[in-house]
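Chains, contacts and geometry: an overview
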Amino acid sequence: MKYKFLVVSILFCLIARSQEVNYHKEIKYLQDNGLEPSEYIINKFREKNLILLGEDHVVKNNLNFVAQIIPKLYKAGVYNIGMEFGAYEKQKELDNLILGENFDAQVSRDLMFFYNVGWPYQEYQDILKTAWSFNKSLPEKSKKFRIVNLSYQYDWTAYNGSRDEMSGVFHKGEVNEFRKNVVIKEILGKGEKGLILCGLPHAFTRYSQGVKDTNGNCTYRKVSLGNLLYEEYKDQVFSVFLHGPIYNFPNKSPFFLSPANGEVENVFKLMSNEPLGFDLGKSPIGKLKEDSWFSNCYNDFTIGDLFDGYIFLVPFHKMEDCSIDEDFFKNKSWNEIKKQIPDPYWHEPYDTKKQYWEATISKIKLKERYKDITRIPNLTVTYGKIDRVKNFQSNYVDSRNIDVWLPPNYNDSERYAVLYMHDGQMLFDSTRTWNNQEWKVDETIARLIFDGKIRNTIVVGVWNNGAYRHSEYFPQKPINYLDRELKDNLIKTDLKGKQQADNYLKFLVEELKPYIDKNYSTHTNMQNTFIAGSSMGGLISMYAISEYPDVYGGAACISTHWVGDVNVKGDKVPLAFNQYLINNLPEPKNHKFYFDYGTVGLDSLYKPYQTKIDKTMNKKGYTIKNWITKEFKGDDHSEASWSRRLYIPLEFLLANNNN
């Protein structure tokens, strides 16, 4: 007996470490191949002549890294840094500044002002000062380090209000073509090497941006600075992403996403956020899925398809704001400033120098800029692993996050049943929920699998979309059993003018299920596909199995909200649900239903209506083999209550076929 206990204890210790185990390939790859970030850059220059560092602008950590690496670059024979934020017209003045006897801070800020009147961020100028300081330390006749301005001054006075005609603004031609020519003239054409600091979209080399037209047809554009240089110099050019946010699809919220759907931060969290540089390619990290805007027009897109290498300095919550050069507007009139304010299509006109100054300062507030990333990071689970698909796109309903839970030691060589659960943001991690409660799904299912009480199962947590949760979860066809006045009022008020339950089910069946079955090792048949939810989620689960009996083999309807809308008095709505079931219940031979309710709070309303449903179930031929209804005295309408009894419907629906 003691040996059995020892084995069980060891196995549960292993399961408790399962999040780490599930990232063992990624972690091992980084342990074997990752380098200290500056060492990684220097190492890449042994085989590359040009490295493009793609940054999200105004992150102090990134800019300090670039400044601090200058002595190491020089020692490795790399004598140039090319900077997006600088006008080539002023290259001679910049050279004089970097080589001068003294560093003139006013000249430095004037150079930056000439390129962009709204860029008072000190750390960009600090790169210039660091280069000057390093050059001062060199012997007099030795080769000096150089900063190269890659851009030119745009003429924003020529903007005519339309982004379709920008030739007057970009009067020296396509910007990245101009930058490419500067890089060739000042660096590569001289047989030298260079590090290029630029915004993320300018640093791509192999990647082509997919653009989909209104008919769904895709074209692919190679217009970034890295693309243009790669076309001419091929393997001499290498792109590296400085860890930061990636853009979401246009007009989708949030604006920024965490790279590889948050997986990069997950891996580094397990490595104590150790700063590392590493190649992507077909490595375990490079194979992590990437669902940002850059995945548009691609299937099975990964972070390795986007960049060649990666540098992780700090996680998002430790990224620092740039400092502000308080003298940036010194000796500059408002008339001089306002005529060259960039990107007028991104903001309302500014009326005063003070107003514009405050706007430029607000850009660097990373806590605000990254709030969606830091507020909703990928979940932490006790057992297994979460794959998050951010903003899963649908033709039927609004996009939403999908959390796919994989059990400990998930293996593609085995097949898994699938449990779809509504209100997906409430299932796994109480530190990320609005009420600090959770269903404890990973803990419960992992233990049941381990004990052999249920079959191997993955869970698909489908987030609700907030404002239209009732609209999507309120079964649509039962509404037709109501009188016209009640029906119209219900749709207008409770459903906010939209009946979306049928479209929500189409999304689950026609879009989400095919995606899950394609990307995970699942049993695709009805006997291994289940659906579950609580409250309104219980209603839509009942509706799903009734509308799609060939898809779902079982439904767990927990604290089912039979009243539908608490503002509707009487029992007309519950009776409509009952009548719908009388007419639409699937055959009991191949389907299972689980219902329950508590006795406290909102749950105290459900017993009389559940009793009517139970009579209908009995009349339709359901027995204890395929239908359970349970009452839980003292339980209320909360995740805390549902988590305590979750094992009961799971054991009933997902019973191990071997038992």
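Preceding block: the structure.
Now for a description of the structure that goes with this document.

A short note on the overall build of the chain
- A count of helices and strands for the chain gives 25 helices and 19 strands.
- Taken over the C-alpha atoms alone, the chain extends approximately 95 × 65 × 45 Å along its principal axes.
- Here the analysis covers contacts within the chain between residues at least 6 apart in sequence; of these, 77% occur between residues at least 24 apart.
- Carbon and sulfur atoms provide 49% of the accessible area of the chain, an area that totals close to 29,000 Å².
- Computed over 84 positive and 83 negative side-chain charges, the inter-centroid distance for the chain is 3 Å.

Side note on the state of the cysteines
- Counting across every chain of the model gives one disulfide.
- At a sulfur-sulfur separation of 2.1 Å, the disulfide partner of Cys-218 is Cys-297. Judged by the torsion about the S-S bond (-85°), the Cys-218/Cys-297 disulfide is left-handed. Of the two residues, Cys-218 is situated in strand S6 (residues 218–221) and Cys-297 in the loop between strand S10 (276–279) and strand S11 (309–312); the sequence distance between them amounts to 79 residues.
- Free of any disulfide, Cys-198 has its nearest neighbouring cysteine sulfur in Cys-322, separated by 16 Å.

Some thoughts on helix H7 (residues 91–99)
- Within H7 the residues assigned to the buried category are Gln-91, Leu-94, Asp-95, Leu-97 and Ile-98. One side of H7 holds all its buried residues, which, seen down the axis, span an arc of 160°. H7 presents Lys-92, Asn-96 and Leu-99 as exposed residues on the side facing more than 90 degrees away from its buried surface.
- Contacts made by the buried residues of H7 are with strand S2 (80–87), helix H8 (105–115), helix H9 (122–137) and strand S3 (146–151).

Describing a nonpolar patch on the surface
- Residues Val-566, Leu-602 and Leu-605 make up a contiguous nonpolar surface patch of roughly 210 Å² in combined accessible area.
- Looking at where Val-566 falls in the secondary structure, it is placed in the loop between strand S17 (554–558) and helix H22 (572–584).

Some thoughts on unusual backbone geometry
- For Asn-251, which is not glycine, the phi torsion reads 65° and is therefore positive.
- Examined against the element boundaries, Asn-251 turns out to sit in the loop between strand S8 (246–247) and strand S9 (256–257).
- Residue classification places Asn-251 among the exposed residues on the basis of a relative accessible area of 83%.
- One non-glycine residue, Ser-559, adopts positive backbone phi at about 45°.
- Examined against the element boundaries, Ser-559 turns out to sit in the loop between S17 and H22.
- Among the residues examined, Ser-559 registers a relative accessible area of 0% and is labelled buried.

Details of the sheet that holds S10
- A sheet is described by the order of its strands in space; here seven strands give the open sequence S3-S2-S4-S1-S7-S11-S10, paired in mixed fashion. Looking at which strands have only one partner, the edges of the open sheet turn out to be S3 and S10. Strand-to-strand twist in this sheet, taken as the mean axis angle between neighbours without regard to direction, amounts to 25°.
- Sheet strands in contact with helix H12 (residues 263–270) are S10 and S11, and its direction is about 55° off that of S11.

What counts as what
- Residues numbered from 1 in each chain as written.
- Predicted model: local features only at pLDDT ≥ 70, side-chain atom pairs only at ≥ 80, totals over all residues.
- Heavy atoms only, no water.
- Helix = DSSP H or I, 4+ residues; strand = E, 2+ residues; numbered from the N terminus.
- Contact = heavy atoms within 4.5 Å.
- Areas by Shrake-Rupley, 256 points an atom, 1.4 Å probe, with all protein chains shown as cover.
- Lys, Arg positive; Asp, Glu negative; His and termini not counted.
- Charge placed at Lys NZ, Arg CZ, Asp CG, Glu CD.
- Disulfide = S-S within 2.5 Å.
- Buried < 20%, exposed > 50% of the residue type's maximum accessible area, 1.4 Å probe, protein only.
- Arc of directions from axis to C-beta.
- Patch = residues over 30% accessible without salt bridge, like charges linked within 9 Å, V, L, I, M, F, W, Y side chains within 5 Å.
- Salt bridge = Lys/Arg side-chain N within 4 Å of Asp/Glu carboxyl O.
- Pairing = 2+ DSSP bridges.
- Axes fitted to C-alpha atoms, helices over the stretch in contact; angles between N-to-C directions.

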